Structure formats: C-alpha cells, structure tokens
Amino acid sequence: MAKLLVTRGIGLLMNTKRISINTKQSVLSSLWPMVVIAGFALTLRPTITSTGPLLAEIRLSTGMGLQAASLLVVLPMLCMGVFPLLLPWIGRRLSESAWITGGLLAIALAGLWRFSLQSGWALIASALIGGTGIAIVQAMAPGVVKRWYPKRVPLAMGFYSGALMAGGGIAAMLSPLVAQHYGRWQSGLGIWLVMPVIALLLWWLRPTQGMATITKSVPINFFSNRRAWLLASYFGLANAGYACMIAWLPSYARSLGGSAQSSGELIGIMTVFQVLGAIAIPALASNRLDRRPWLFFAVSIQIIGFAGLMLMPAPMLIVWVSMIGCGLGACFALTLTVALDHLSNHSMAGALTAFVQGIGFVITAIMPYIAGVVREWSGGFQIVWLMLIFTLVGMLLVTIRFAPRQYAQAINLATS
C-alpha cells in the first residue's frame, strides 16, 4: 500500500512538473513573438527623431537652412510612402524574411555613416538610406502582427505602436546627452546603430510558425478603392501632427528659451504619452468593433493640445505636449487597427495597411516641409499649429464614416 502511494505521488509530481514546463513553454511561445515585434518596432523612429533636438548644432556646423533641414524628416516619410505602394509588384521577388533583414541592415548602415559624415547633404543622404530601411520594415510589420496575433489585433497593434513611439522618444532624449558627452553631434545620431543590430538578432531568432515564405501580391487594386483612399488620407493626416512635432517642436521649445536637452526631453514626454495612448486606448477599444468613440477622443485631445500651443505655450507647454502625444499614439494604433478590421484575411489586410501607410506617409511627408515654409514666411509657429487644428477638425467629420457594419460593403466597392 505504501509503495503504491509513493508511486502515485511520484507520478503526480512528474505530471505537475510536466504541466509547469508546458505552461512556461506556452507563455514563452505567446510572448516571444511580441518581443521580436518590439525589437524591430524600436528601430523605426530613432533615425528621424534624433536630429530634432540637435538641429541647431547641425545647422551651425553644416549651414543647412530650415527647408533643407526639414528633409531629414520629409525624406524618410516619403520612403515610408513609396515602398508600401510598390510592395505588390516588388514584394514577390524576395521572401518576407529577406525584406525585413535588408530593411534593418539599411537602418544600421545609415547609423554607421552618421558617425563620420560632415556635410548637410551627406546627412540628408543618410536619412534617405535609413528611411528606405524603415519603410521596408514598417510596411511588413502589420501583416506579421496580424498573423502572429489574429485574435488580439488591437492589443498587438497597440504594443507595436507603443514600442515604435518609445524608440523615437528614447532617441530624442538621449541623443543630446550622447552628443554632449562626446562633443560631436554625429555621435548623438550614430549611436542608434545599436538598435537595428539588436533587432536583427531577435528577427533571426523569431518563431517560425505561421511565417510567410513569400510576400505575395493580392488580387485587389486598392488604387481604385475609395474606402482605401479614405483610410490612407485619414492615416496621413493622423501622422501629420507627429511629423511636425518631431521636426519642429524642439526648435519651437528653444525659441521659447529652452536648451537642446530640454527640447529633447519634451519629445520624450510626448513619447511617454504616445506609448500610453497607443497601448491603453486600443486595449479599451478592443471590447467592441466600433472604434469611433475612441477615435473621437484621440482627435479631440489633439485639437485641445494644439490650441494650447498656439494660445498659451509657455505656462503649460508640458501639458499641451502630453495631450498631443496621447492623441497621436492612440490615433496611430487605432487607424491601423480600423484598416485591419476591414478584411479578415491577414494577407489582404496586410496589403490594405501597406497601401494605407503608403499613401498616408506621402501625405504626412509633405506637412513638415509646408510647416517649414510657413515658419520661414510667418516668423513663428502659430500658423503651423492652426493648420494642424484644421486638419484634425476635418478628421473628426470623417471618423463618423467608420461604422463597422459598412466595412464589407465599403472595401468591396472596387472589387465587385
């Protein structure tokens, strides 16, 4: 009897250990893809956001004008627009893994070059190379997210968006410190070579289940789809505020008496609230397919923030920047989620978000350049903030049209 009890006890203990090991493996298999996603999301903004806080030093060293300096943001944004539009034609030539690996290598190359460049045009060229890499990885990311987390798209997209924005904020905060430590602005930009190298290691160790071997084109011409154009325009305007903020907020803060470090910290504060908005708002919106109430909130809070920047910037600058950041983060994640909601097939949904990002980032890229021209013409940023308020009011009106019951009919207008 005693021997039987001992045998059963040992069996129970072994079963318990087996269950514990299986549970740990299950948790790891669930979380590891998110670590990989976070790894390459963190690489997608430092190339752009690291230049803003050091813009005064860069301009003094290279003699760049404001319009030329705006290209440091405009060119990567244009790359983010052009590559996704070409993806249906060029995507089939290489595997998904090859594209993402190549994109991360391009970002790393741009960072390496920035350690030693001396001229403004070389810096702009590095922005073009890095922007190409960013565009490639960013175009692939939503399809990967939807494939790995098909039942948790809002949460996964929120996490991806939060990591993407966190990378930009960290770069904006730390770049002036690195530049000050080494006495060279080039070091403050080149240090971000580290991020794509880490991302490459994580990507090579990614889970293999459910990976697409080839990025196939889909039998839908989104160029003739009115809903796709509406989503793309909405996405472009949603990111216009972000592009203008990372390009010109540091300069605006320094015009109010701030230092390079404090202007970088402002981008960091904005990013903290972007991450909170990108993660918290999609999580709150995940219980219902209708994302419009939260989109209304995300757009409205930005209107209040930009109005504050225009009317009383100095006393409550951190408050306005925080509100704008929260709205921008929520808007980015929710807009991509709404695009993914339109189609259940992950390949087609990924193609739609590629189109949305493509047209959207072309629109986004134009805004910092226009803002730079307006700033030089007017001598201040007030008209820039007013311009962004008008675009946000237009977005409020468009948000009404994103009713879930109309998704199927709207996205099939050009495919029936």
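Residues numbered from 1 in each chain as written. Predicted model: local features only at pLDDT ≥ 70, side-chain atom pairs only at ≥ 80, totals over all residues. Heavy atoms only, no water.

Enquirer: Tell me about the overall build of the protein chain, and name the residues and values.
Expert: Looking only at helices and strands, one finds 16 helices and zero strands in the protein chain. Sorting the 416 residues of the protein chain into buried and exposed places 57% on the buried side. Long-range pairs, those at least 24 residues apart, make up 84% of the contacts in the protein chain between residues at least 6 apart in sequence. As presented, the protein chain carries roughly 17300 Å² of accessible surface, and 70% of it is formed by carbon and sulfur atoms. (Helix = DSSP H or I, 4+ residues; strand = E, 2+ residues; numbered from the N terminus. Buried < 20%, exposed > 50% of the residue type's maximum accessible area, 1.4 Å probe, protein only. Contact = heavy atoms within 4.5 Å. Areas by Shrake-Rupley, 256 points an atom, 1.4 Å probe, with all protein chains shown as cover.)

Enquirer: If you had to explain the packing of aromatic side chains to someone new, which residues and values would you point to?
Expert: Aromatic ring pairs: the centre-centre distance and the angle between the two ring planes describe each pair. One pass over the full model with this rule turns up 16 aromatic pairs. Each ring, one from Phe83 and one from Trp99, has its centre 5.2 Å from the other, and the planes form 65 degrees; the classification is edge-to-face. Taken as a pair, Phe83 in helix α4 (residues 66–90) and Trp99 in helix α5 (residues 96–114) lie far apart in primary sequence, 16 residues in all. Given a relative accessible area of 9%, Phe83 falls into the buried group. Aromatic side chains Phe223 and Trp229 sit 6.4 Å apart centroid to centroid with 65 degrees between the ring planes, which places their arrangement in the edge-to-face category. Phe223 sits in the partly exposed class, given a relative accessible area of 37%. (Phe/Tyr/Trp six-rings, centres within 6.5 Å; stacked < 30°, edge-to-face > 60°.)

Enquirer: Lay out the packing of helix α10 (residues 226–255) against helix α13 (residues 317–341) with the relevant residues and their values.
Expert: Direction vectors running N to C along α10 and α13 enclose 150 degrees, while the axes themselves pass 10 Å from each other. Considering the angle they form, α10 stands roughly antiparallel to α13. Both α10 and α13 take part in a crossing whose hand is left-handed. Between α10, through Leu231, Tyr234, Phe235, Ala238, Asn239, Gly241, Tyr242, Met245, Leu249 and Tyr252, and α13, the contact on the second element is made entirely by Leu317, Val321, Ile324, Leu328, Cys331, Phe332, Thr335, Leu336, Val338 and Ala339. Its residues assigned to classes, the contact of α10 with α13 comprises 17 nonpolar, three polar and no charged. (Axes fitted to C-alpha atoms, helices over the stretch in contact; angles between N-to-C directions. Parallel < 35°, antiparallel > 145°, perpendicular 65-115°, else oblique. Left-handed = near helix turned anticlockwise from the far one by under 90°. Nonpolar A, V, L, I, M, F, W, Y, C, P; charged D, E, K, R; others polar.)

Enquirer: Mind laying out the nonpolar core, listing which residues take part and the relevant values?
Expert: Phe40, Tyr160 and Trp385 are the most contacted members of the largest nonpolar core, which totals 132 residues. Per-element accounting of this core gives the leading share, 18 residues, to α10. Not counting chain neighbours up to four residues away, the residues in contact with Phe40 comprise Leu104, Val137, Ala141, Tyr160, Ala199 and Trp203. (Core = buried A, V, L, I, M, F, W, Y, C linked by side-chain atoms within 4.5 Å.)

Enquirer: I'd love a proper account of a nonpolar patch on the surface, names of residues and values included.
Expert: Where nonpolar side chains cluster on the molecular surface, the patch consists of Leu311, Met312, Met316 and Val319 and spans about 360 Å² of accessible area. Classification of Met312 by relative accessible area gives partly exposed; the value is 41%. (Patch = residues over 30% accessible without salt bridge, like charges linked within 9 Å, V, L, I, M, F, W, Y side chains within 5 Å. Salt bridge = Lys/Arg side-chain N within 4 Å of Asp/Glu carboxyl O.)

Enquirer: Tell me about the pattern of salt bridges, residues and numbers included.
Expert: Counted under the stated rule, the structure contains two salt bridges. Residue Asp290 pairs with Arg292 through a salt bridge whose shortest N-O separation is 2.9 Å. What makes Asp290 buried here is its relative accessible area of 14%. Taking the shortest distance from any N to any O, the salt bridge between Asp341 and Arg291 comes out at 2.8 Å. Residue Asp341 is found in helix α13, and its partner Arg291 is found in the loop between α11 (260–285) and α12 (292–311); the two are separated by 50 residues along the sequence.

Enquirer: Give a detailed account of the environment of Phe235, specifying residues and quantitative values.
Expert: With respect to the helices and strands, the residue Phe235 is situated in helix α10. Residue class for Phe235 comes out buried when judged on its relative accessible area of 0%. In sequence terms Phe235 and Thr353 are 118 residues apart; their C-alpha atoms lie 9.9 Å from each other. Ignoring any residue separated from it by four or fewer positions in sequence, one finds Phe235 in contact with Phe332, Thr335, Leu336, Val356, Gln357, Gly360, Phe361 and Thr364.

Enquirer: Run through the packing of α5 against helix α9 (residues 194–204), naming residues and quoting values.
Expert: Here α5 crosses α9 at 165 degrees, and the two axes come no closer than 9 Å. Relative to α9, α5 is oriented roughly antiparallel. Between α5 and α9 lies a crossing of left-handed hand. Contacts between α5 and α9 pair Ser97, Ile100, Thr101, Leu104, Leu105, Ile107 and Ala108 from the former with Pro196, Ala199, Leu200, Trp203 and Trp204 from the latter.

Enquirer: If you had to explain the side chain of Thr353 to someone new, which residues and values would you point to?
Expert: Mapped onto the fold, Thr353 is located in helix α14 (residues 346–378). Sequence-distant contacts of Thr353, that is, excluding residues within four places in its chain, are made with Pro142, Leu336, Ala339 and Leu340.

Enquirer: Tell me about the confidence of the model for the protein chain, and name the residues and values.
Expert: Across the protein chain, the average pLDDT comes to 81, with 86% of residues at or above 70. Taken element by element, the predicted model of the protein chain shows its lowest mean pLDDT in helix α1 (residues 2–41) (60) and its highest in α12 (93). A low-confidence stretch, residues 16–28 stays under pLDDT 50, and its non-local contacts, those more than four residues away or across chains, total one contact. Here residues 210–219 is modelled with pLDDT under 50, and outside its nearest four sequence neighbours on either side it reaches 23 contacts, counting other chains as well. (pLDDT = per-residue confidence, 0-100.)

Enquirer: Any details on the environment of Met34? Residues and values, ideally.
Expert: As for its position among the elements, Met34 is in helix α1. Beyond its immediate chain neighbours, meaning those up to four positions away, Met34 contacts Tyr149, Ala156 and Phe159.

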